[in-house]
Amino acid sequence: MVSADEQHGHSPFPDLYGPGIRLRMWDADSAADVATWRRGLTDPEFRRWNTPLRLVEDLADARESLRAKVLAAAEGSAASYCVTDAASGAALGHIGVNAINRVLSVARVGYWVLPEARGQGIATRALAVASHWALTELGLHRLELDHALGHEASCRIAERCGFRYEGTLRGAMFEAGRHDAFRDMHLHGRLATDPERDPEIAWDRASGASGISGTSGTSGASDVSGTS
């Protein structure tokens, strides 16, 4: 078993770059990263669409949760990236390539964006970058993305990045804030053999907007999807 302490200062996964963003590994020993992780997982919009098995409430919870992510990265079972502004280094959100199964060549992706960074296309760009890397350099064959039924903005982001809608899974995720009730979810999938999608072009054609921007949904939750 690899310990997080043994892996301090070393990451098995590379930094990734996209238009205006840099994806780097989270640092569980960084007070700033721990605070950002707590903000993301206690954000009302995150909790509206996600209910982790272990809820994060305070900094101690956040540190423990983040250390688990660092350990999973060291073991190669998940790649948890802090999405940052490429110029300033400011944290914008998170994207994870989770539950990496090398035998079946599949993983699940999830993301969230901090409130002040929403509406800028961060989720779309991060998902496009991480997905391309996972299906090429990481060598996976399939990626899955799920979200609660009714989260239409996440459907649009997924499809913009080449994740096709594959069906509705009944009672497949927790209700918001509960571990004793369940709700339906949409499943999206993308294969390494699928045609490459340019999310910027897809967005331009769909909305007439210039460049990549957030979705037109009014809920403010367009940058929160799947599990973290």
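Every value quoted in this text rests on a predicted model; they were computed, and no experiment measured them. Every chain's residues receive numbers from 1 upward, in the order its sequence appears when written. Residue-level local features of this predicted model are given only where pLDDT is at least 70; pairs of side-chain atoms are given and counted only at 80 or more, and the full residue set underlies all totals for whole chains, interfaces and linings. The side-chain values count all of the structure's non-hydrogen atoms but skip hydrogen atoms and water molecules.

This paragraph deals with the pairing of strand β5 (residues 106-113). The rule is simple: take the accessible area with a 1.4 Å probe, protein chains only, and divide by the maximum for that residue type; under 20% is buried, over 50% is exposed, in between is partly exposed. Under the DSSP-based scheme used, a helix requires at least four consecutive residues in state H or I and a strand at least two consecutive residues in state E, with every element numbered from the N terminus. Burial within β5 is extensive, with seven of its eight residues counted as buried. In this analysis, strands are considered paired if DSSP registers two or more bridges between them. In the sheet, β5 pairs with strand β6 (residues 142-148) via four bridges, with the strands oriented parallel. From the neighbouring strand, alanine 107 faces β6, where its bridge partner is leucine 143. In this fold, the crossover linking β5 to β6 by way of helix α4 (residues 122-135) has right-handed handedness. Look down the strands so they point away from you; if going from the first strand over the helix to the second traces a clockwise path, that crossover is right-handed.

Turning to the packing of aromatic side chains, a few remarks are in order. Between rings of Phe, Tyr and Trp, where Trp is taken as its six-membered ring, a pair exists when centres lie within 6.5 Å; planes separated by under 30 degrees are stacked, by over 60 edge-to-face, and by other angles tilted. Under the criterion given, the structure shown has six aromatic pairs. For the pair phenylalanine 13 and tryptophan 133, a centre-to-centre distance of 5.7 Å together with 85° between the ring planes defines the contact as edge-to-face. You can see phenylalanine 13 sitting in the segment before β1 (16-18) and its partner tryptophan 133 sitting in helix α4, a full 120 residues away along the chain. For the pair shown, phenylalanine 13 and tryptophan 133 are each scored as buried. A connected cluster of aromatic rings, assembled from ring pairs, spans Phe13, Tyr81 and Trp133.

This part is about helix α3 (residues 59-75). The end-to-end C-alpha distance of α3 is 24 Å, a good match for the 24 Å that 17 residues give at a rise of 1.5 Å each. Along α3, the positions that sit buried rather than exposed are Ala62, Leu66, Lys69, Val70, Ala72, Ala73 and Ala74. As for α3, its buried residues are in contact with β2 (21-25), α1 (31-42), β3 (79-85) and β4 (91-101). As used in this structure description, the phrase polar contact means that two N or O atoms lie within 3.5 Å; if the pair is within protein, one of them must be able to donate a hydrogen and the other to accept it, and residues adjacent in sequence are counted only when both atoms belong to side chains. Backbone nitrogen of alanine 60 and a side-chain oxygen of the N-cap are separated by 3.2 Å at the start of α3; the cap is aspartate 58. The first or second residue beyond α3 is glycine 76, which carries a positive phi of 80°. Every helix has an expected span of 1.5 Å times one less than the residues it contains. Here, residues are in contact when the closest pair of their heavy atoms is within 4.5 Å.

Moving on to the side chain of aspartate 194. By the secondary structure assignment, aspartate 194 is in the loop between β8 (182-191) and α6 (199-207). Classification of aspartate 194 as buried rests on a relative accessible area of 17%. Of note is the side chain of aspartate 194, whose polar atom sits 2.9 Å from the backbone nitrogen of leucine 191. Those residues in contact with aspartate 194 that lie beyond four places of it in its chain are Gly162, Arg164 and Gly189.

Moving on, we get to the confidence of the model for the protein. The quantity known as pLDDT measures the predictor's confidence residue by residue, on a range of 0 to 100. Considering every residue of the protein, the mean pLDDT works out to 86; 82% of them sit at 70 or more. Between residues 1-9, whose pLDDT stays under 50, and residues either more than four places distant or in other chains, the model counts 13 contacts. Confidence drops under pLDDT 50 across residues 201-222; counting only partners more than four residues distant or on other chains, this segment forms 44 contacts.

Any two side chains of opposite charge can pair if their charged atoms end up close together. Salt bridge criterion: a side-chain nitrogen from Lys or Arg within 4 Å of a carboxyl oxygen from Asp or Glu. Evaluated as defined, the whole model comprises 14 salt bridges. The partner of glutamate 116 in a salt bridge is arginine 39, with the nearest N and O atoms 2.7 Å apart. Placement of glutamate 116 in the loop between β5 and α4 and of arginine 39 in helix α1 is noted, with a sequence separation of 77 residues between them. The class for arginine 39 is partly exposed, based on a relative accessible area of 38%. Taking the shortest distance from any N to any O, the salt bridge between arginine 178 and aspartate 180 comes out at 2.9 Å. Look at arginine 178 and you get partly exposed, because its relative accessible area is 42%. Counted as one network, the salt bridges with shared partners bring together Arg108, Arg142, Glu144, Asp146 and Glu166.

Inspection of the secondary structure puts histidine 94 in strand β4. On the basis of relative accessibility, which here comes to 1%, the residue histidine 94 falls in the buried class. The spacing of histidine 94 and tryptophan 112 is 18 residues in sequence and 5.3 Å in space, taken between C-alpha atoms. At a separation of 3.0 Å, a polar atom in the side chain of histidine 94 contacts the side chain of tryptophan 26.

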